[in-house]
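Report on the structure
Take a look at the letters that make up each chain.
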Amino acid sequence: MNSAAIVEQTVKFVQDTLKNAEGGHDWWHIQRVWTNAQHIAQTEACDLLIVELAALLHDIADSKFHNGDEEIGPATAGKFLTGIGVDAYVVEHVQQIIRHMSFKASFDKAVFHSKELAIVQDADRLDAIGAIGIARAFTYGGFKDREIYNPNIKPNLNMTKEEYKNTTAPTINHFYEKLLLLKDKMNTPTGKQLALQRHNFMQSFLDQFYTEVE
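In this text the structure is predicted, and so the values were computed from the model without any measurement. (Residues numbered from 1 in each chain as written. Predicted model: local features only at pLDDT ≥ 70, side-chain atom pairs only at ≥ 80, totals over all residues. Heavy atoms only, no water.)

Thoughts on the packing of helix α5 (residues 88-100) against helix α6 (residues 115-126)
- One can describe the packing of α5 onto α6 by two numbers: an axis separation of 10 Å at closest approach and a directional angle of 45 degrees. Comparing the axis directions of α5 and α6 gives the class oblique. Every pair of crossing elements has a handedness; the one defined by α5 and α6 is right-handed. Two secondary-structure elements touch here, α5 through H93, I97 and H100 and α6 through E116, L117, V120 and Q121.
- Looking at side-chain class alone, the contact of α5 with α6 contains three nonpolar, three polar and one charged residues. (Axes fitted to C-alpha atoms, helices over the stretch in contact; angles between N-to-C directions. Helix = DSSP H or I, 4+ residues; strand = E, 2+ residues; numbered from the N terminus. Parallel < 35°, antiparallel > 145°, perpendicular 65-115°, else oblique. Left-handed = near helix turned anticlockwise from the far one by under 90°. Contact = heavy atoms within 4.5 Å. Nonpolar A, V, L, I, M, F, W, Y, C, P; charged D, E, K, R; others polar.)

Structure, rendered in structure tokens:
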């Protein structure tokens with residue numbers, strides 16, 4: 001099977017699997033990350049098939065919707081890709097990207113690096129910031145019944161991985177605990193460039209938010 005056919009089958013699998021997903025982690029999130037990844041990949045020497053498959057499958061079974069199981073995503077992706085006859089080295093690389101690309105994975109010591117991981121990680125982080133990132137943050141906060149803002153609960157800037165995974169803090173805190181940090185965690189020159197404008201937009205949003213609150 002050629003690369004185009006593999007990607008086409010993967011798109012259909014992801015659309016079917018995520019048709020009832022939470023709004024911030026649905027097919028449209030995947031499509032945006034896929035588009036971002038393709039754009040960044042044009043400026044980097046990389047294996048485009050691995051980039052596209054990892055972008056498409058990175059949230060196929062997000063641990064936060066599966067009782068914190070961090071292996072269900074790589075396992076689900078691996079089973080699908082193996083089932084359609086994708087080469088084993090591609091499957092393994094895609095699984096490693098899924099395993100290591102999330103923000104919570106950054107709490108652990110990095111044990112896997114690749115250009116393809118850097119690209120897909122940047123693509124996903126871009127969708128966590130800017131106007132889309134703001135919308136996704138509040139969508140997930142509502143899904144988890146969190147407060148929008150509570151001045152009595154301060155952001156925790158020194159969280160452990162377990163604290164990050166189990167937080168119930170107001171959504172505004174998430175900007176300080178994650179979203180505003182992403183600009184300086186981008187890997188590629190294109191990712192850094194795109195992140196800056198989105199970061200500045202979030203800062204403007206927060207300025208307006210506090211003006212209205214106060």
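Concerning helix α7 (residues 130-143)
- When the terminal C-alpha atoms of α7 are compared, their 20 Å separation across 14 residues agrees well with the 20 Å that a helix rising 1.5 Å per residue should span.
- For α7, the set of buried residues is G130, G133, I134, R136, A137, Y140 and G141. Taken down its axis, α7 places every buried residue within 165 degrees of arc, on the same side.
- Turning to α7, the residues buried within the fold contact α2 (27-41), α9 (171-177) and α10 (189-213).
- Two residues or fewer past α7, D145 is found with a positive phi of approximately 60 degrees. (Expected span 1.5 Å × (residues − 1). Buried < 20%, exposed > 50% of the residue type's maximum accessible area, 1.4 Å probe, protein only. Arc of directions from axis to C-beta.)

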